[in-house]
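Descriptive structure summary
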Amino acid sequence: MTGEGKTSRPLVGAALMLAILLIAPHLFYPVFLMKVLCFALFACAFNLLLGYVGLLSFGHAAFFGSAGYITAYTVKTFNFDPIIGILLGVAVSSLLGLVIGWLAIRRSGIYFAMITLGFAQVVFFLSLQLQFTGGEDGIQGVPRGTLLGLVDLRDTMSMYYFVLVVFLCGFWLIYRTINSPFGQVLKAIRENEPRARSLGYDTDRFKLIAFVISAALSGLAGGTKSLVFQLASLTDVNWHMSGEVVLMTLLGGMGTVLGPAVGALLVVTLNNYLAGFGSWVTIIIGVIFVSCVLAFRRGIVGEILEKARSWNSKDPR
Amino acid sequence: MRKKLFLSVFGIGLTLVMAVCGASAAGLSDGVLKVGVMTDMSGAYSDLSGPGSALAAQMAIEDYGGVVLGKKIELTSADHQNKADIAANKAREWFDAEKVDVIADLSTSSTALAVMEIANQKNKVTLISTGGSTKITNDNCIATNVHWTYDTYALAVGTGKAVVANGGDTWFFITADYAFGHSLEGDTADVVTASGGKVLGKVRAPFPNTDFSSFLLQAQASGAKIIGLANAGADTINAIKQAKEFGITENQTLAGLLIFITDINSLGLETAQGMNLTTGFYWDRDEESRAWSKRFQARHKSMPTMSQAGVYSSLMHYFKAVDKAGTDEAHAVMAAMKSMPINDMFAKNGYIRDDGRMIHDMYLVQVKKPSESKGPWDYYKVLRTIPGDEAYISPEKSTCKLLKK
Amino acid sequence: MMIQVFGIPIQALLGQLLIGLINGSFYAILSLGLAIIFGLLNIINFAHGAQYMLGAFFAWMSLTYLGVNYWVGLILVPLAVGAFGILMERLMLRRLYHLDHLYGLLLTFGLALILEGLFRQLYGVSGLSYPIPDIFQGGVNLGFMFLPYYRAWVIVASLSVCFATWYVIERTKLGSYLRAATENPELLQAFGVNVPLMVTLTFGYGVALAGFAGVLAAPIYQVTPVMGSNLIIVVFAVVVIGGMGSILGSIITGISLGLLEGLTKVFYPEASGVVVFVIMALVLLTRPAGLFGREK
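If you're wondering where the values come from, they're calculated on a predicted model, not measured in any experiment.

1. Observations regarding the interface of chain C and chain A
It is common to give the size of an interface as the accessible area that goes away when the parts come together. In this complex, chain C contributes 41 residues to the contact, which on the side of chain A involves 37 residues. For the pairing of chain C and chain A, the buried interface totals around 3500 Å² over both sides, and the portion due to carbon and sulfur atoms is 81%. For the pair chain C and chain A, the number of links is zero salt bridges. Applying the counting rule to chain C against chain A returns zero residue pairs in polar contact (both at pLDDT 80 or more). Secondary-structure elements contributing two or more residues to the side of chain C that touches chain A are α4 (101-123), α9 (227-242) and α11 (275-286) of chain C. Of all the elements, α4(C) adds the most residues to the side of chain C that touches chain A, at 14 residues.

Here it is as structure tokens:
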């Protein structure tokens, strides 16, 4: 698992990306782009835990999906402002993150993964059984509402820019978390936990905080997504969704800042493009998983950064 | 199967060819009439709808002459994998970016409801052939939808009433634990009680489920004469197989509440014989249905299920309506569809109500014994034809806002 | 006058427990395979469910295309699936031994997707039927329920294989070599034992067990591409509860959890899918290494 390499022109790169994101909805189908943004946020949030702390959670769908349900339900039933709905979703997923994290942190490796999976299955079960989630039908016809009473989010373009802002906020939060003293401790824990502990850091507390942040931002992604598609369903709490986000992070490059977003873009595009070809999607995703693990462990962005680094070091000037 | 790949490629290739050949025509939005078949292409319901439904749509386009209001009809299809979110997203994309005017089939009730929601927002037509929940024409009814083939109430009325009348007056339900299963169980239980029968108990099985042994044991312990299977597809097949294995069918009768002819084909007559079920279509019903079904079988290898036949019939009717209305605008087409009766290989004297329900006869059938069957697909004997007005919820009892008198 | 336990007549309860025992036998044999692979080799084989599915499909395919009957299939299919497992190990897993275990998990997860997708594409999801062998048609009426002979055979076959395996591993010289290889492979290699070969064969055996379970399952569950993925996370939970390295633990836990699931189906059937996970979470929190496991 690699650390991120800093290119020499981060600000220009960021400005370029922002420009692309602003123009994109005029070129591509905006709803598709919004889906990419939501999953990119989810993957980046997941990566905080996997790439930077070294913990593989197999139950992140619980946070993503539960927030989706809460947002959908509150906005549809109580007509809350979309921001309130999303914040409520984030609150619930953070709480879940706190509970599950506190219980799971005591273990590591496969045991940690299994505990998260187990609790995610409980969340799935609850989503299936509780009345308000609508079982197999899910919560449908969720109104997008008006943002702060000013912006009608039924307009696709307005919704896109709202989602973009949400994504950028979430992404910025992750970026700041990683590039802070807190983030440094996380990396230290990933590299060598006993040593970090011997230096006096309460590693469990750090891991838990990272877990909760990851859960909260996954919830942010999930809540926003339920407004984009005006639907919250069992797919979002299914363990296959947990597997998808692992794939996105792995493919894009765990431990890189942009990697998961790139991975999300690729996986969502793949799913979309291959939807008409039956089970080829599953096969291809499996092949990608296998190839990434065998040959491209750094993921796409990781490989690019590595190439850039070795290219830079070869250049004597 | 390679068939599915072939059909997908064929469908896409055809769409591309048609797109290239197209030209603007008056009266049609975007200058095209585009049909989208959204179904389960590879999952639990793919045999009863799936590529067969896409084929049925293809046949409808061909039989109609491939042209409406002077313009070629285009076809596209997608797999919603029985998931509401995939269906909703695809529908949105189809309506927004791909000029689709009508979506047909929709294999699960959750996908049907989700797509109806989108269609209502975008003012487009949906023709639901496979999804069965009564919510479609009650709580969730919209003005631009037609629920064509069957619904859970019709199944309940058909199988429930008839079975009780035949002496099956004590019931135990094994229900798939999701909205469709609950709806099917609820509707049937109501009908059974209203007909003088008694529901001795019920058990909810997870959906999907492979092992029904413990649920079947409970059904057996209840002593009910009839075990009602409120589930579909693979669940039903498993439950039936296992009931036979545990010797339950010796003393109790199974009533499959939603069964398709492809399920019987999977199970075999040896296992399925004697079962009562209700269907909206049977290929061997009369000359017209036979002729059409044989043409379908020549291209699909299996006989059509009621879903697939429903897709064909609903699209043919839709094309006629577009020609009559002179436009593909949703409300005008709906008005045209409601103004014409349906008389084809699927239904006789069928009509569409304001809640979107297509009223037509349903058939109570019994699965033949192996000795009674004269050949492949000769599976049913029709016990009773249930008139449409009896089979479906009457307007008085409907909760659809569009039916307010 | 019927004896009742919590409102359920004792006959019904016994019937459910017997069904639970049958399911438990499947859990036992599948979790045994997983436990061997993890306990002795430290590999997390997420493709185990897909290998089980492969066993069922190979049984069906060999019957349909080659006319191979059930009994021959019971021997040949596990060998075929085991061989496939060996290929997997040799070509792919071997490269990951020097890395974090979780890469093995991800690799096998990807492989499971490929296998499932491939069979879905070829055969759809509706399910194929495999006939119960003639000798096992029918059943015996036990009074409280009718037990099909085939299901009784399933219990007998899986438990025999399970205990035979346990015996070999815990009580024979070969087994002691395997256990030594886990503790200290270099030392064992120095003694002249071909450790990589043993690892490969053991992995093959673990996978073959999954294939064997698949053949056993074919006549009673529909042969479908998703039969493994529905099962895999439950089996993992069983192994984790039992203690990931413990052979006996996985057998006993598998059976017990089958029984527990059976009971749940009587009192609160909707929860039967989730009860395993609740137990797993509880166990992991109180006995971190599982019920029978040893902290590594």
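Now that the structure is up, let's keep going.
2. Quick look at the pairing of strand β5 (residues 125-128) of chain B
Residues and elements named next belong to chain B. Across the two faces of β5 the burial is the same, with Val125 and Leu127 and Thr126 and Ile128 all buried. In the sheet, strand β4 (residues 102-105) pairs with β5 via four bridges, with the strands oriented parallel. Along β5, the bridge assignment pairs aspartate 105 with isoleucine 128. For the crossover that starts at β4, traverses helix α4 (residues 109-122) and ends in the parallel β5, the hand is right-handed.

3. Considering the domain arrangement of chain B
Residue and element names in this part refer to chain B. Partitioning chain B into structural domains gives domain 1 (33-150 + 285-352) and domain 2 (153-279 + 362-384). Summarising the inter-unit geometry, the C-alpha centres of domain 1 and domain 2 are found 27 Å apart. In this complex, domain 1 contributes 19 residues to the contact, which on the side of domain 2 involves 17 residues. When residues of domain 1 are sorted by the area they lose upon contact with domain 2, Tyr45, Tyr150 and Met306 head the list and together hold 33% of the total. Viewed at the interface, domain 2 and domain 1 are joined by zero salt bridges. Viewed at the interface, domain 2 and domain 1 are joined by one residue pair in polar contact (both at pLDDT 80 or more). Split into classes, the residues belonging to the side of domain 1 that touches domain 2 amount to seven nonpolar, nine polar and three charged.

4. Notes on the packing of helix α4 (residues 82-104) of chain A against helix α5 (residues 109-129) of chain A
All names here are of chain A. At a minimum axis distance of 9 Å, the contact between α4 and α5 shows a crossing angle of 145°. Note on packing geometry: the crossing formed by α4 with α5 is right-handed. Here Leu96, Ile100, Leu103 and Ala104 of α4 come into contact with α5, specifically with Phe112, Ile115, Thr116, Phe119 and Val123. Looking at the contact of α4 with α5 residue by residue, the class counts come to eight nonpolar, one polar and no charged.

5. Some details on the interface of chain B and chain C
Contact residues are listed per partner, giving 27 residues for chain B and 27 residues for chain C. Each partner contributes to the roughly 2400 Å² buried at the junction of chain B and chain C, and carbon and sulfur atoms together form 50% of this total. Ranking the residues of chain B by area buried against chain C places Lys241(B), Glu245(B) and Phe246(B) at the top, with a combined share of 23%. There are one salt bridge connecting chain B and chain C.

6. Description of the state of the cysteines
One way to say it: the disulfide is the covalent bond shared by the sulfur atoms of two cysteines. All names here are of chain A. Applying the stated rule across the entire model yields one disulfide over all chains. As a non-bridged cysteine, cysteine 38 has cysteine 44 as the owner of its nearest cysteine sulfur, 12 Å distant. On the basis of relative accessibility, which here comes to 3%, the residue cysteine 44 falls in the buried class.

7. Considering the packing of aromatic side chains
Counting across every chain of the model gives 44 aromatic pairs over all chains. Geometrically, the ring pair formed by Phe63(A) and Phe211(A) is edge-to-face, given 5.7 Å between the ring centres and 90° between the ring planes. Taken as a pair, Phe63(A) in helix α3 (residues 61-78) and Phe211(A) in helix α9 (residues 203-229) lie far apart in primary sequence, 148 residues in all. Assessed through its relative accessible area of 1%, Phe63(A) is described here as buried. Centroid distance Phe26(C) to Tyr221(C): 5.6 Å. Interplanar angle 40°. Geometry classified as tilted. Taken together, the positions of Phe26(C) in helix α1 (residues 10-41) and Tyr221(C) in the loop between α8 (195-217) and α9 put the pair 195 residues apart, joining distant regions of the chain. With respect to class, Phe26(C) is no different from Tyr221(C); both count as buried. Lying across the ring of Trp102(A), Arg106(A) places its NZ or CZ 4.7 Å from the centre.

8. Focus: the pattern of salt bridges
Side chains that carry opposite charge are capable of pairing whenever their charged atoms lie near each other. Inspection of the entire model under this criterion finds 29 salt bridges over all chains. With its nearest N and O atoms 2.9 Å apart, the salt bridge here joins Arg190(A) to Glu191(A). Salt-bridge contacts for Lys90(B) lead to Glu93(B); the nearest nitrogen and oxygen are separated by 3.9 Å. In this pair, Lys90(B) and Glu93(B) are both assigned in helix α3 (residues 84-97), three residues apart and thus about one turn of the helix distant. Look at Lys90(B) and you get buried, because its relative accessible area is 17%.

9. Details of helix α11 (residues 259-274) of chain A
Note that an α-helix has 3.6 residues per turn; residues three or four places apart therefore point the same way. Residue and element names in this part refer to chain A. In a regular helix each residue adds 1.5 Å, so 16 residues correspond to 22 Å; α11 covers 22 Å between its end C-alpha atoms and thus fits that length. Of all the residues in α11, the buried ones are Gly259, Pro260, Ala261, Gly263, Ala264, Val267, Val268 and Leu274. Turning to α11, the residues buried within the fold contact α2 (30-50), α10 (239-252), α12 (280-294) and α13 (299-314).

10. What about the environment of Gln242(B)?
Within the fold, Gln242(B) resides in helix α8 (residues 233-245). As a C-alpha pair, Gln242(B) and Thr271(B) span 29 residues in sequence and 9.8 Å in three-dimensional space. In this structure Gln242(B) touches Thr210(B), Asp211(B), Phe212(B), Ser213(B), Leu216(B), Arg151(C), Ile220(C) and Tyr221(C), once residues within four positions along its chain are discounted.

11. Some points on the side chain of Gln121(A)
Within the secondary structure, Gln121(A) sits in helix α5. Residue classification places Gln121(A) among the buried positions, given a relative accessible area of 10%. Apart from residues no more than four positions distant in its own chain, Gln121(A) is found in contact with Trp239(A), Ile233(C), Val274(C) and Phe277(C).

12. A word on the side chain of His60(A)
All names here are of chain A. Along the chain, histidine 60 falls in the loop between α2 and α3. Histidine 60 gets classed as buried once you look at its relative accessible area, which sits at 0%. Filtering out sequence-adjacent residues up to four positions away, histidine 60 remains in contact with Phe42, Phe46, Leu49, Ser214, Ala215, Ser218, Ser242 and Val245.

13. Here's the deal with the packing of helix α5 (residues 149-171) of chain C against α8(C)
All names here are of chain C. For the pair α5 and α8, interaxial distance at closest approach is 11 Å and the crossing angle is 170°. As judged from the angle between their axes, α5 and α8 are roughly antiparallel. Contact residues: Tyr150, Trp153, Val154, Ala157, Ser158, Val161 and Thr165 in α5; Tyr205, Leu209, Phe212, Val215 and Leu216 in α8.

14. A few points about the sheet that holds strand β2 (residues 67-68) of chain B
All names here are of chain B. Reading across the sheet, the six strands line up as β2-β3-β1-β4-β5-β6 and stay open at both edges, with mixed pairing between neighbours. A single partner strand is all that each edge strand has here, and the edge strands are β2 and β6 (145-147). Taken together, the seven bridges between strand β1 (residues 33-39) and strand β3 (residues 71-79) define a ladder with parallel strand orientation. Bridge pairing links leucine 33 to isoleucine 73 in β3. Those strands touched by helix α12 (residues 306-325) are β1, β2, β3, β4 and β5, and its axis lies near 160° from that of β1. Strands in contact with helix α13 (residues 330-339) are β5 and β6; relative to β5, the strand with the most contacts, it is inclined by about 40°.

15. A closer look at the nonpolar core
Among the nonpolar cores identified, the biggest contains 326 residues, and Phe58(A), Ile174(B), Leu315(B), Tyr318(B) and Met337(B) are the most heavily contacted of them. Broken down by element, the residue count for this core peaks at 18 residues, all from α2(A). Two domains each provide a minimum of three residues to this core, namely domain 1 (33-150 + 285-352) and domain 2 (153-279 + 362-384) of chain B. With residues up to four places along the chain from it excluded, the contact list for Ile174(B) reads Val203(B), Phe212(B), Phe215(B), Leu216(B), Ala219(B), Ile227(B), Gly228(B), Leu229(B), Ala230(B) and Asn231(B). Membership of the second largest hydrophobic core comes to 22 residues, among which are Phe95(B), Val115(B), Ile128(B) and Ile136(B).

Reading the values: rules and limits
- Residues numbered from 1 in each chain as written.
- Chains lettered and ligands numbered in written order.
- Predicted model: local features only at pLDDT ≥ 70, side-chain atom pairs only at ≥ 80, totals over all residues.
- Heavy atoms only, no water.
- Contact = heavy atoms within 4.5 Å.
- Buried area = accessible area lost by both parts, 1.4 Å probe.
- Salt bridge = Lys/Arg side-chain N within 4 Å of Asp/Glu carboxyl O.
- Polar contact = N/O pair within 3.5 Å; in protein donor to acceptor, adjacent residues only side chain to side chain.
- Helix = DSSP H or I, 4+ residues; strand = E, 2+ residues; numbered from the N terminus.
- Buried < 20%, exposed > 50% of the residue type's maximum accessible area, 1.4 Å probe, protein only.
- Pairing = 2+ DSSP bridges.
- Right-handed = clockwise from strand over helix to strand, strands pointing away.
- Domains from an automatic or database assignment.
- Nonpolar A, V, L, I, M, F, W, Y, C, P; charged D, E, K, R; others polar.
- Axes fitted to C-alpha atoms, helices over the stretch in contact; angles between N-to-C directions.
- Left-handed = near helix turned anticlockwise from the far one by under 90°.
- Disulfide = S-S within 2.5 Å.
- Phe/Tyr/Trp six-rings, centres within 6.5 Å; stacked < 30°, edge-to-face > 60°.
- Lys NZ or Arg CZ within 6 Å of the ring centre and 35° of its normal.
- Expected span 1.5 Å × (residues − 1).
- Parallel < 35°, antiparallel > 145°, perpendicular 65-115°, else oblique.
- Core = buried A, V, L, I, M, F, W, Y, C linked by side-chain atoms within 4.5 Å.

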